[in-house]
Amino acid sequence: MLMKRETAKKSVVNLPLVNPNAAGIDVGDTMHAVAIPNGRDEVQVRSFGTMTCDLQTIAGWLKRCGVDTVAMESTGVYWKPLFSVLVKAGFEVYLVNSKQVRNVSGRKNDEDDAMWIQKLHSCGLLKSSYLPDDEQETLRALVRHRRTLTMDCNRFILRMQKSLEMMNIKVHTVIRDITGKTGTLIVEAIINGERQPENFLAYVDKNIKANRDTIVKSLEGNWRPEHVFILTECYHGYKYYKQRIAICDAEIERQLAQYQTDLFTATKYDSESKSKKRATKNKPNFNTTAYLKAILGVDTLAIYGISDISALEILAETGTDLSKWETEKHFVSWLNLCPNNKISGGRMISSMLMKKKPNAASQAFRQAANAVQRSDHWLGDYFRRMKAKGGNKYAMVATANKLATIYYKMVRFKQEFNPPDLQEYQQRYKRAKIAYLERKLVDLKSEVA
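S.K.: Which parts of the structure should I look at to understand the overall build of the protein chain?
M.R.: Helix and strand counts for the protein chain stand at 16 helices and seven strands. Taken over C-alpha atoms, the radius of gyration comes to 29 Å for the protein chain, far larger than the 22 Å a tight globule of 449 residues would show. Out of the 449 residues in the protein chain, the part that is buried amounts to 41%. Long-range pairs, those at least 24 residues apart, make up 65% of the contacts in the protein chain with a sequence separation of at least 6. As displayed, the protein chain has an accessible area near 26,200 Å², and 52% of this comes from carbon and sulfur atoms. With 69 positive and 49 negative side-chain charges, the protein chain shows a separation of 7 Å between the mean positions of the two kinds.

In structure tokens form, the structure reads like this:
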């Protein structure tokens, strides 16, 4: 029996203590569980409330216990107030992905989770998630709010189309956009009581491609009063959100101007700098191109598929210092735009993307990739080739990977966008394919021989 116990003790693996003054916090909505190193206080784990005074108490307790680095695990936004208080108090704070701190024992309560986080952080086994600085955090909050307003605004457009459909008014299928010049005038005329289809022709712009007979037929309906009421309410809701988006744009522009003047004094805002691309429907109401050039130092809007709002969202999510990602491969991995290779026994058992919700920057690159699939440049050719190989989703992710790599190199190394010629790119691909097939032919001949 003694021999068995000694053997059991020798088999225990002791991890080195990397952070001796580390604490772990399990963050919640109504309670924070905080664990400190053993022997620093009478109680190793304490639970605190989430009011501001409670957060100050946590910071004071950690100071008295000699803690200098803290790891916290949380979902949602519950960590942000505590994170701000701890950073101001001088602590080094790690925000940890919940996948890194799963307790192997299977027990589940806040105190045990806090102790497990503290143990892992003491051994240096945790990595902090990407966290923006104060200026970027402000810009990111505003841009995300604008994105939410735009989504809510688009919902009212869909409800307007549904109301027209319920009245069998097909004008939204004849003209491209019911919120454009012609569509807005027609909807306002319906709200003001117009019911004769011929009278709507006075509101039709000359650039509308549909013929007048088709437009008249599309405006013949049952005009049910309840649906006219819903159409009126949705139109007013749409106009309200457009006003809020304009106000949000003004605040974003003010933050961009402050961002540029405070941190990038070497570059100047050039109001004459404008994008050559056609303006998108949800374009901000200010010169996005000039601000992006002044802040980033390069023209990221020159990249194929990147629009004003996409470039603004990418800046808000990733910031200006891309050296936080060692290489472009780390960057695209953070964006979840590369395979999650799983290898066992020397064999690839899976290469699927990680199942997680893509962040706003990843979505912006995916949308940009989807926009180039019919283009006549090298990225459009690459998208179509990948689509033939693995389908539309496969092509979108692969092309977004290319776009993110180009963006990373431009912003980090201040390189302007220099796309290859389409014919040269196609010839290079054909030569590479011929070389690959020749190698395969040599391998097959060696197997037969």
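What follows continues from the structure just given.
S.K.: Looking at this structure, I do not really get the pairing of strand β1 (residues 22-26). What am I missing?
M.R.: Residues in a regular strand point their side chains to alternate faces of the sheet. With five of five residues buried, β1 lies mostly within the body of the structure. Along β1, one buried face is formed by A22, G24 and D26 and the opposite face, lined by A23 and I25, is buried too. As paired elements, β1 and strand β4 (residues 69-73) share five bridges and run parallel to each other. Considered in β4, the bridge of A23 is made with V70. Relative to strand β2 (residues 32-35), β1 runs antiparallel, the two sharing three bridges. Paired with D26 across the two strands is A33, which belongs to β2. Two successive antiparallel strands, β1 and β2, enclose a turn made up of five residues.

S.K.: Would you mind showing me how to read the nonpolar core here?
M.R.: Nonpolar side chains tend to gather and get buried jointly when the protein is soluble and globular. In this structure, I252, L256, F331, F365 and Y407 are the most contacted members of the largest nonpolar core, which totals 83 residues. At 12 residues, helix α15 (residues 392-413) tops the list of elements feeding residues into this core. For Y407, the contacting residues outside a window of four places in its chain are L296, T300, I303, I314, L315, T318, L322, F331 and F365. Listed in part, the 24 residues of the second largest apolar core include V34, L62, V67 and L86.

S.K.: How should empty space enclosed by the protein be read in this particular structure?
M.R.: Summary: where empty space remains is shown by rolling a probe the size of a single water molecule over the atoms. Under the defined criterion, the tally for this structure stands at one cavity of 30 Å³ or more. In this model, the largest cavity occupies a volume close to 40 Å³. Elements supplying a minimum of two residues to the lining of the largest cavity: α5 (134-166) and α9 (225-263). The element contributing the most residues to the lining of the largest cavity is α5, with four residues.

S.K.: What is the right way to read the pattern of salt bridges from this model?
M.R.: Note that side chains of opposite charge can pair when their charged atoms are close. Tallied over the entire structure, the rule returns 13 salt bridges. We note a salt bridge from R140 to E317, for which the minimum N-O separation is 4.0 Å. Remark: E317 occurs in helix α11 (residues 308-318) and R140 occurs in helix α5; sequence separation between them is 177 residues. Neither residue differs from the other here; R140 and E317 are each classed as buried. Across the pair E165 and K170 runs a salt bridge, and its minimum N-O distance is 2.3 Å.

S.K.: It is not clear to me how the packing of aromatic side chains should be interpreted in this structure. Could you clarify?
M.R.: How two aromatic rings sit relative to each other is set out by the distance from centre to centre and by the angle between their planes. Evaluated as defined, the whole model comprises 17 aromatic pairs. Look at Y130 and W325: their rings are 4.8 Å apart centre to centre, the planes differ by 35 degrees, and that puts the pair in the tilted class. With Y130 in the loop between α4 (110-122) and α5 and W325 in the loop between α11 and α12 (328-334), this pair connects stretches of sequence that are 195 residues apart. Among the residues examined, Y130 registers a relative accessible area of 16% and is labelled buried. On the basis of relative accessibility, which here comes to 6%, the residue W325 falls in the buried class.

S.K.: I tried to follow the sheet that holds β4 on my own but got confused; where do I start?
M.R.: Across a sheet, paired strands are connected by hydrogen bonds in the backbone, their directions being either parallel or antiparallel. With respect to topology, five strands assemble into an open sheet ordered β3-β2-β1-β4-β5, the strand pairing being mixed. Pairing within the sheet leaves two strands with one partner each, and these edge strands are β3 (45-48) and β5 (92-96). Strand-to-strand twist of the sheet, defined as the mean angle between neighbouring strand axes without regard to direction, takes the value 20 degrees. Here four bridges tie β2 to β3, and the two strands are oriented antiparallel to one another. Across the sheet, the residue bridging to A35 is V45, located in β3. The strands touched by helix α3 (residues 79-88) within the sheet are β1, β2, β4 and β5, with β4 carrying the most contacts at an inclination of about 175 degrees. Docked against the sheet, α4 engages β1, β2, β3, β4 and β5, running at close to 145 degrees with respect to β1.

S.K.: In this structure, what is going on with the layout of surface pockets? I would like to understand it.
M.R.: There is about 2,100 Å³ of room inside the largest pocket. Among the elements of the structure, α3, β5, α5, α11, α12 and α13 (360-371) are those that each provide at least two residues to the lining of the largest pocket. With eight residues, α5 is the largest single contributor of residues to the lining of the largest pocket. Estimates place the volume of the second largest pocket at around 930 Å³. Those elements giving two or more residues to the lining of the second largest pocket turn out to be α5, α9, α11 and α13. Of the residues assigned to the lining of the second largest pocket, the class counts are eight nonpolar, 12 polar and 11 charged.

So, how was this worked out
Residues numbered from 1 in each chain as written. Predicted model: local features only at pLDDT ≥ 70, side-chain atom pairs only at ≥ 80, totals over all residues. Heavy atoms only, no water. Helix = DSSP H or I, 4+ residues; strand = E, 2+ residues; numbered from the N terminus. Rg over C-alpha atoms; globule rule 2.2 N^0.38 Å. Buried < 20%, exposed > 50% of the residue type's maximum accessible area, 1.4 Å probe, protein only. Contact = heavy atoms within 4.5 Å. Areas by Shrake-Rupley, 256 points an atom, 1.4 Å probe, with all protein chains shown as cover. Lys, Arg positive; Asp, Glu negative; His and termini not counted. Charge placed at Lys NZ, Arg CZ, Asp CG, Glu CD. Pairing = 2+ DSSP bridges. Core = buried A, V, L, I, M, F, W, Y, C linked by side-chain atoms within 4.5 Å. 1 Å grid on protein atoms, 1.4 Å probe; cavity = no way out; pocket = protein on both sides within 12 Å on 5 of 7 lines; lining within 4 Å. Points joined across faces, edges and corners; volume = space filled by probe spheres on them. Salt bridge = Lys/Arg side-chain N within 4 Å of Asp/Glu carboxyl O. Phe/Tyr/Trp six-rings, centres within 6.5 Å; stacked < 30°, edge-to-face > 60°. Axes fitted to C-alpha atoms, helices over the stretch in contact; angles between N-to-C directions. Nonpolar A, V, L, I, M, F, W, Y, C, P; charged D, E, K, R; others polar.

Everything listed here is a matter of coordinates, which is why it stays silent on function.
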